[in-house]
Protein chains: 2
Amino acid sequence: MHELQTIITDPGRVLVSDIPGAYVTDNLGRLKGQCDAVVFPVSTEEVSAVMKWAYAHSVPVTPRGAGTNLVGSTVPDRGGIVLDLSRMDRILELDPDTLTVTVEPGVLLSRLQAHVEEQGLFYPPDPGEKESSIGGNISTNAGGMRAVKYGVTRDYVRGLTAVLPNGEVITTGGKVVKDSSGLSLKHLLIGSEGTLGIITQCVLKLVPKPAYVLGALVPFASLKTGIDAVIRLIHENTGPTAMEFMERKVVELGERYMNLRFPFPEAGAYILLSFDGAGEGEVRTRAERARQAALENGALDFLLLEEKQVQDEVWRVRGALVKAVEAVSEQEPVDIVVPINRTAEFIAYANQVEQESGVQLISFGHAGDGNVHLCVVRGGRETEVWKRDLHAVMTRIYGKSRELGGLTSGEHGIGLSKKPYFRKAADPAAVLAMKQIKLALDNRNILNPGKIFD
Amino acid sequence: MHELQTIITDPGRVLVSDIPGAYVTDNLGRLKGQCDAVVFPVSTEEVSAVMKWAYAHSVPVTPRGAGTNLVGSTVPDRGGIVLDLSRMDRILELDPDTLTVTVEPGVLLSRLQAHVEEQGLFYPPDPGEKESSIGGNISTNAGGMRAVKYGVTRDYVRGLTAVLPNGEVITTGGKVVKDSSGLSLKHLLIGSEGTLGIITQCVLKLVPKPAYVLGALVPFASLKTGIDAVIRLIHENTGPTAMEFMERKVVELGERYMNLRFPFPEAGAYILLSFDGAGEGEVRTRAERARQAALENGALDFLLLEEKQVQDEVWRVRGALVKAVEAVSEQEPVDIVVPINRTAEFIAYANQVEQESGVQLISFGHAGDGNVHLCVVRGGRETEVWKRDLHAVMTRIYGKSRELGGLTSGEHGIGLSKKPYFRKAADPAAVLAMKQIKLALDNRNILNPGKIFD
């Protein structure tokens with residue numbers, strides 16, 4: 001490992017002893033690996049040189065960005081090198097004419113968003129964790145709140161530079177909008193959780209910044225009525241940016257945690273909407289159509305969040321739900337995705353599992369895309385009991401999602417912790433093809449080995 | 001080959017002699033292959049059985065849909081089996097709740113669009129050739145007129161069933177909106193021109209049908225001013241569905257061919273816009289903003305196409321441009337894509353090449369995505385002269401597109417005819433990775449071999 005210091009000569013950028021624990025885990029900190037070195041490259045060339053060395057010596061390499069991963073993708077469970085890309089954090093070029101921004105992978109989402117918004121532009125992907133890195137967002141194909149209208153990270157990647165496991169550097173895509181020029185390595189890299197290549201430069205698509213944003217909180221008697229109304233709102237072409245669902249019992253946790261109050265506490269569930277656009281008039285027109293459609297489809301009310309303070313409070317409670325859960329207990333996050341019309345059925349099943357198992361399950365998420373966040377709550381369980389109960393609950397809920405035509409992950413990825421459920425849910429022939437592709441590009445299986453599949 | 005008749009026992013669905021010439025070429029008919037059999041499967045199982053047989057016997061297989069390909073992807077230049085999927089043309093399910101339609105690959109675009117529009121839904125991808133098959137659209141990642149607002153075919157594929165070269169059947173994606181569950185085989189298959197798998201079932205995303213559509217024709221003194229204005233219109237967030245550019249000299253060809261007249265004949269170039277949305281009011285608001293921005297940025301006028309007849313005539317001329325060229329001469333189509341702000345520069349260069357080479361180059365295309373359609377016109381050239389002149393012109397224009405940060409194909413694919421230019425333009429390390437992936441999934445190199453790369 002000391003040879004790495006001849007590749008990266010700055011002694012502050014190669015750690016081979018006293019490695020802080022944060023580098024061998026993910027954001028949850030429960031899965032821990034070990035490594036022999038942490039390297040902080042600052043250029044594509046350095047990443048390439050490190051990978052060439054690792055390839056020559058068959059040393060495993062685990063890339064990481066801001067370390068906000070939730071499924072263990074950044075855990076170096078086979079030792080070797082942790083390649084920390086957080087110092088590759090330059091915003092290289094904002095090009096208004098092509099509506100693109102070119103960045104290094106370590107740039108944090110919050111900084112990117114602020115930077116482009118200052119120029120009147122907008123980077124729509126909006127996963128909950130704003131201190132995540134763009135490289136990580138691409139590696140997990142991160143989704144978030146605005147996916148109903150704007151899509152996910154994949155939809156905003158125009159071009160990538162990446163270092164392959166053998167150290168070769170490839171470029172794919174560019175500033176162009178369309179691309180039918182050969183197999184899409186770009187789309188293969190997106191969502192591959194750092195198993196096929198290390199992203200070192202990203203050309204991202206921007207859109208004009210919406211001039212006007214308006215929120216609405218829509219209370220319903222039950223989640224089922226709320227989800228049915230969501231489908232109607234989509235059909236009515238009201239173009240919402242976000243459509244988040246929350247059961248009342250979950251909101252109460254957030255209220256207590258934030259010491260804030262939601263309007264309409266007698267609701268059984270809420271749908272939180274937002275609308276954006278180039279002008280107030282058209283946004284209000286769409287919101288009004290949404291109001292009518294919601295009220296005709298079971299909404300108890302339709303509260304426009306006109307006051308900035310109320311709007312902020314509602315979104316702060318929504319944003320704090322995971323932290324509200326974690327304040328009282330460890331939890332295992334789940335981000336199952338089902339067809340949007342099966343969301344209510346899936347949550348009803350989760351509620352049933354909660355009743356039957358005694359394990360608390362807290363659900364909320366993205367109603368407009370059927371992407372359900374479940375927190376499986378540990379409570380006071382001893383380690384062995386928790387392992388057993390968690391696995392039993394996970395097996396049931398992943399089984400149900402499969403039955404409903406769902407997939408294991410909508411936005412977090414598979415990593416280590418969702419591997420057993422992915423293995424059960426995915427088509428075996430498809431997983432075999434994935435493994436063949438992995439081996440074709442990484443014949444020594446050194447780049448983030450053992451993630452997604454064995 | 002006669003063994004195929006034991007796999008598909010219906011004698012009308014296996015041709016082993018007197019094979020019509022249409023099956024060994026593409027839509028242009030200039031590149032011709034030869035084959036030993038044409039098979040017309042009607043199910044995934046039959047496709048799988050044929051591929052298993054072909055794999056066991058190392059027989060090349062060339063899949064085809066409606067045969068509207070323009071780059072030779074459907075030309076069986078290594079013999080073997082042509083697998084014609086046009087009889088797998090069932091629309092299996094229209095699911096309004098999830099806004100998806102599930103179809104077989106042989107369904108024609110025109111039929112799919114009409115079918116979903118009857119139900120108030122909309123399939124946005126709109127390549128010029130409406131009698132193309134959905135399987136073919138996916139295999140080339142077809143783009144078209146509405147890509148500025150709605151994106152390309154890739155953006156509307158939710159799930160695929162495909163048969164791999166060894167006959168294994170895989171499913172990837174589904175009716176779900178988000179997917180971060182393993183390597184994206186779906187996105188790898190999209191645009192792979194039938195080299196990695198044979199698509200046998202497609203789950204496609206739909207959107208609500210826009211209730212109101214409005215067109216506008218915007219004349220400019222020059223193409224350069226027009227393209228600059230296009231960038232302004234995008235920045236103003238006016239949300240156009242289509243932004244097509246046409247130089248006046250090209251329009252004149254279309255006018256003569258269709259015996260129709262464009263308004264404002266004194267223009268040097270036109271930008272043809274359309275807007276759509278859920279209501280007339282919001283569409284007109286955006287069109288009005290576009291009018292102001294266009295007039296402030298060099299537009300000579302801004303003609304709303306209020307009369308259906310005028311609108312139809314303008315679009316008919318636009319739609320007839322390729323045919324207008326072909327009525328007078330053979331032509332080689334090019335669909336280079338450059339960053340949107342380099343489009344005018346690229347066309348200026350094409351005009352310069354035309355001057356210098358004496359080879360007529362007719363350009364038009366998608367201004368909103370920098371996707372330029374060039375027709376390289378043969379005129380009266382003898383075969384050898386044409387080959388030489390064409391290659392000289394193509395080398396120059398593909399070289400220029402590379403210099404401008406462009407790519408070889410925006411929507412047609414690489415196939416056979418663009419291979420030499422793709423080889424020069426693409427990153428060699430990336431092409432090597434593509435070949436490794438191809439070999440990993442097709443170790444006998446039997447599925448559409450020799451397309452995209454050797």
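Model, not experiment: these values are computed from the prediction. (Residues numbered from 1 in each chain as written. Chains lettered and ligands numbered in written order. Predicted model: local features only at pLDDT ≥ 70, side-chain atom pairs only at ≥ 80, totals over all residues. Heavy atoms only, no water.)

(A) Region of interest: the overall build of chain A. Helix and strand counts for chain A stand at 15 helices and 18 strands. Against the 2.2 N^0.38 benchmark of 22 Å for 454 residues, chain A shows a C-alpha radius of gyration of 22 Å, consistent with a compact globule. Over its C-alpha atoms, taken along the principal directions, chain A stretches across nearly 65 × 55 × 45 Å. In chain A, which comprises 454 residues, the share counted as buried stands at 63%. Taking all contacts inside chain A whose residues are at least 6 apart in sequence as the whole, residues at least 24 apart take part in 72%. Across chain A, 49 positive and 56 negative side-chain charges occur, with their mean positions spaced 3 Å apart. (Helix = DSSP H or I, 4+ residues; strand = E, 2+ residues; numbered from the N terminus. Rg over C-alpha atoms; globule rule 2.2 N^0.38 Å. Buried < 20%, exposed > 50% of the residue type's maximum accessible area, 1.4 Å probe, protein only. Contact = heavy atoms within 4.5 Å. Lys, Arg positive; Asp, Glu negative; His and termini not counted. Charge placed at Lys NZ, Arg CZ, Asp CG, Glu CD.)

(B) Summary view of the interface of chain B and chain A. At the interface, 80 residues of chain B touch 80 residues of chain A. Summing both sides of the interface, chain B and chain A together bury roughly 5,900 Å²; the carbon and sulfur share of this comes to 64%. Linking chain B with chain A are six salt bridges, by the criterion used here. Its salt-bridge partner being R289 of chain B, residue E282 of chain A comes within 3.6 Å of it at the nearest N-O pair. Put simply, chain B and chain A have 24 residue pairs in polar contact (both at pLDDT 80 or more) between them. Looking at the side of chain B that touches chain A, the elements that each hand over two or more residues are β9 (169–173), α6 (185–189), α7 (223–235), α9 (280–296) and α15 (428–441) of chain B. In terms of residues, the side of chain B that touches chain A owes the most to one element, α15 of chain B, which gives eight residues. Taken together, the residues that form the side of chain B that touches chain A break down as 35 nonpolar, 29 polar and 16 charged. (Buried area = accessible area lost by both parts, 1.4 Å probe. Salt bridge = Lys/Arg side-chain N within 4 Å of Asp/Glu carboxyl O. Polar contact = N/O pair within 3.5 Å; in protein donor to acceptor, adjacent residues only side chain to side chain. Nonpolar A, V, L, I, M, F, W, Y, C, P; charged D, E, K, R; others polar.)

(C) Focus on unusual backbone geometry. The residue D18 of chain A is not glycine, and still its phi comes out positive at about 50 degrees. Mapped onto the elements, D18 of chain A comes out in the loop between β1 (14–15) and β2 (37–39). The phi dihedral of N237 of chain B falls on the positive side, at around 60 degrees, and the residue is not glycine. With respect to the helices and strands, the residue N237 of chain B is situated in the loop between α7 and β13 (242–247). You can call N237 of chain B partly exposed: its relative accessible area is 23%.

(D) How the structure looks around helix α11 (residues 321–328) of chain A. All names here are of chain A. All buried positions along α11 are accounted for by L321, A324 and V325. The buried residues of α11 occupy an angular sector of 95 degrees when projected down its axis, which confines them to one face. Counted as exposed and oriented over 90 degrees from the buried face of α11: K323 and A327. Contact partners of the buried residues in α11: β13 (242–247), α8 (248–258), α10 (308–319), β16 (331–334), β17 (361–366) and β18 (371–377). (Arc of directions from axis to C-beta.)

(E) Main features of the sheet that holds β18 of chain A. Residue and element names in this part refer to chain A. The seven strands are arranged β15-β12-β14-β13-β17-β18-β16 in an open sheet whose pairing can be described as antiparallel. At either end of the open sheet lies a strand with only one pairing partner, and these are β15 (303–304) and β16. Two elements, β13 and β17, share three bridges in a ladder whose sense is antiparallel. Residue pairing for β17: M246 is matched across the bridge by F364. Packed on one face of the sheet, helix α7 (residues 223–235) meets β12 (212–220), β13 and β14 (269–277) and runs near 170 degrees to β13. (Pairing = 2+ DSSP bridges. Axes fitted to C-alpha atoms, helices over the stretch in contact; angles between N-to-C directions.)

(F) Geometry of the domain arrangement of chain A. Residues and elements named next belong to chain A. We note that the domain assignment places domain 1 (91–208), domain 2 (212–321) and domain 3 (329–412) within chain A. When each unit is reduced to the centre of its C-alpha atoms, the spacing between domain 2 and domain 3 is 23 Å. In this complex, domain 2 contributes 17 residues to the contact, which on the side of domain 3 involves 17 residues. Carbon and sulfur atoms supply 69% of the area that domain 2 and domain 3 bury against each other, a total of about 1,300 Å² over both sides. Taken together, the connections running from domain 2 to domain 3 amount to one salt bridge. Of the charged contacts, one joins E354 and K249 as a salt bridge, the two residues approaching to 2.9 Å between their closest N and O atoms. Joining domain 2 to domain 3, the criterion identifies eight residue pairs in polar contact (both at pLDDT 80 or more). (Domains from an automatic or database assignment.)

(G) Structural context of the nonpolar core. Grouped together as the largest cluster of nonpolar side chains are 184 residues, with contacts concentrated most on I134, L204 and I397 of chain A together with I134, L204 and I397 of chain B. Non-local contacts of I397 of chain A, meaning those with residues more than four positions away in its chain, are made with V334, I336, F346, Y349, V353 and L374 of chain A. (Core = buried A, V, L, I, M, F, W, Y, C linked by side-chain atoms within 4.5 Å.)

(H) How the structure looks around the pairing of β13 of chain A. All names here are of chain A. Where burial is concerned, most of β13 is hidden: six out of the six residues are buried. Where burial is concerned, the two faces of β13 agree: the one with A242, E244 and M246 and the one with M243, F245 and E247 are both buried. Bridge count between β13 and β14: six bridges; the pairing is antiparallel. If you follow F245 over to β14, its bridge partner there is I271.

(I) Expanded view of the packing of aromatic side chains. Residue and element names in this part refer to chain A. Summed over all chains, the structure comprises 10 aromatic pairs over all chains. Judged by centre distance (5.7 Å) and plane angle (80 degrees), the ring pair of Y23 and F40 falls under edge-to-face. With Y23 in the loop between β1 and β2 and F40 in the loop between β2 and α2 (44–56), this pair connects stretches of sequence that are 17 residues apart. Grouping residues by exposure puts Y23 and F40 together as buried. (Phe/Tyr/Trp six-rings, centres within 6.5 Å; stacked < 30°, edge-to-face > 60°.)

(J) Examining the sheet that holds strand β4 (residues 81–84) of chain A more closely. Residue and element names in this part refer to chain A. Here four strands make up an open sheet; going across it, the order is β1-β2-β4-β3 and the pairing mixed. Only two strands of the sheet have a single neighbouring strand rather than two, namely β1 and β3 (61–64). With two bridges connecting them, β1 and β2 associate as antiparallel partners. Bridge pairing in β2 places L15 opposite V38. Packed on one face of the sheet, α2 meets β2, β3 and β4 and runs near 170 degrees to β4.

(K) Quick look at the relation of the copies chain B and chain A. Mapping chain B onto chain A is achieved by rotating through 180 degrees and translating by 0.0 Å along the same axis, at an RMSD of 0.0 Å. Expressed as an axis order, the relation between the two copies is that of a two-fold axis. Of the residues that chain B buries at the interface, 100% are likewise interface residues in chain A, meaning the two copies contact each other through the same surface. (Least-squares fit on C-alpha atoms with pLDDT ≥ 70 in both.)

(L) Geometry of the environment of R261 of chain A. Residue and element names in this part refer to chain A. With respect to the helices, strands and loops of the structure, R261 is situated in the loop between α8 and β14. With a relative accessible area of 55%, R261 lands in the exposed category. Separated by 90 residues in sequence, R261 and T171 place their C-alpha atoms 50 Å apart. Among all residues touching R261, those that are not within four sequence positions of it are E255 and E313.

(M) The arrangement of the pattern of salt bridges in detail. This model, assessed by the stated rule, comprises 70 salt bridges over all chains. D84 of chain A is the salt-bridge partner of R64 of chain A, the closest N and O atoms lying 4.0 Å from each other. Of this pair, R64 of chain A sits in strand β3 while D84 of chain A is found in strand β4, placing the two residues 20 residues apart along the sequence. Across the pair, exposure class does not vary: R64 of chain A and D84 of chain A are buried alike. Here D454 of chain B and R423 of chain B are joined by a salt bridge, their closest N and O atoms 3.7 Å apart. Of the two residues, D454 of chain B sits in the segment after α15 while R423 of chain B sits in helix α14 (residues 419–425), which places them 31 residues apart along the sequence. In this pair, the class of D454 of chain B matches that of R423 of chain B, namely exposed. Via salt bridges that share partners, R30, E330, E332, R378 and K418 of chain A belong to a single interconnected network.

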